Amino acid sequence: MKTLSQLSDTGIEDLAIGLNSFDAQVGHPLALAYVVVLICREGSAEWEVNFKPHRMKKNDLLVLAEDSIALIKRKSDDYSCACYLMNRSIAAEIAHALPNSLFSFLSRSPFFAAEKLSPEYSKAWEGQAALIHEQCVTYQRTMIVNHVQNLFLWICEKTDGLGAGMRNDFSRSEAVCWKFWELISQHCVQQRGVAFYAGLLHITPYYLSQLSRRFFNDAPKTLIDRQVVLEIKKRLTQPRKSVQQIAEELHFADASYLGKFFKRHTGVGLTDYRKGRT
């Protein structure tokens, strides 16, 4: 698969959009962005994702992650897909408002036939994505984040609240990881220490670190801090909320420490970020 830099520049940091016919990738594992959404435009292809077969045809949708093992075994000459490639930063913003159960669901069920999701919705979604790309400037990133969130929430609606296709055969290590992800969402406002989450999971911080790196490709502290940054960003879009109030809500010692934490993780100051988002 083409890298982010090789697909068309959308003007949105960490996002690339383009068409790909995969002519040179048949039979080879694909190099993937952090999150990849593929919508088939024409033709058909035989995919293998994490060693499971999927036949993709027009308007079918496939969601891949950076660690997916994905390859096209064969395809028709006219096969092409609309590709939406997201780096880690924008993917985290998108994931922030989505149900945690979605991620474990997608790890097991990444493929969606057109009739399951409704071809009309896919076409409308793609059309609106194009309009945001072509006609929006000031709020483009926020709009595209919301737009991709809507796509995933549509998937939730059309899969019976993520119940369809779910199995209870997760290994213990997988179950611990998904529980850790859920706990971060619940407690990151008050707790930023790895030991706290390891305690709730009844495992050692070292073992939690091993599992987190294995399943999420990140250290547990990185995942916790990333969620805290998203909480800060959400509050900064509320113009009447002072930085001191945000620091108190997120249990930082003071506004100065909050500012240093935010700049270390994002590269921009609180005031500059707020000016660009409000």
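Residues numbered from 1 in each chain as written. Predicted model: local features only at pLDDT ≥ 70, side-chain atom pairs only at ≥ 80, totals over all residues. Heavy atoms only, no water.

**Things to note about the environment of Gln-25**
Rule in force here: Numbered from the N terminus, helices here are DSSP runs of H or I no shorter than four residues, and strands are runs of E no shorter than two. Three labels apply to residues, based on accessible area from a 1.4 Å probe with only protein chains included: buried if under 20% of the type maximum, exposed if over 50%, partly exposed otherwise in between.
With respect to the element layout, Gln-25 can be found in the loop between strand S2 (15-20) and strand S3 (35-42). Under the relative-accessibility criterion, Gln-25 is labelled buried at 17%. Through-space distance from the C-alpha of Gln-25 to that of Leu-71 is 7.6 Å; in sequence the pair is 46 residues apart.

**Comments concerning the packing of aromatic side chains**
Put simply, the rule is: Pairing of aromatic rings covers Phe, Tyr and Trp, the last counted by its six-membered ring, and requires centre-to-centre distances within 6.5 Å; plane angles under 30 degrees mean stacked, over 60 mean edge-to-face, and any other angle means tilted. Ring-over charges, as used throughout, are those where CZ of Arg or NZ of Lys falls within 6 Å of the ring centre and within 35 degrees of the ring normal.
Under the criterion given, the structure shown has 11 aromatic pairs. Consider the rings of Phe-22 and Tyr-79, whose centres lie 6.1 Å apart with planes at 35°: the pair is tilted. Of this pair, Phe-22 sits in the loop between S2 and S3 while Tyr-79 sits in the loop between strand S7 (70-75) and strand S8 (80-86), and the two are 57 residues apart along the sequence. A single burial state applies to Phe-22 and to Tyr-79, both of which are buried. Here the aromatic rings of Tyr-121 and Trp-154 are separated by 4.0 Å at their centres, their planes lie at 0°, and the arrangement is stacked. Of this pair, Tyr-121 sits in helix H4 (residues 119-135) while Trp-154 sits in helix H5 (residues 140-158), and the two are 33 residues apart along the sequence. Residue classification places Trp-154 among the partly exposed positions, given a relative accessible area of 24%. Among the aromatic residues, ring-to-ring pairing joins Phe-22, Trp-47 and Tyr-79 into one connected group. Between the NZ or CZ atom of Arg-192 and the centre of the ring of Phe-252, over which it lies, the distance is 3.9 Å.

**Focus: the confidence of the model for the protein**
Parts of the prediction with low pLDDT should not have their coordinates interpreted in detail. For clarity, the threshold we go by: Residue-level confidence of the predictor, termed pLDDT, takes values from 0 up to 100. A contact between two residues is defined here by any heavy atoms of the two lying within 4.5 Å.
Across the protein, the average pLDDT comes to 86, with 91% of residues at or above 70. Here strand S1 (residues 8-9) stands out as the element of the protein with the lowest mean pLDDT, 48, in contrast to helix H7 (residues 194-201), whose mean of 96 is the highest. pLDDT under 50 marks residues 1-9. Its contacts with residues more than four places away, or in other chains, come to 28 contacts.

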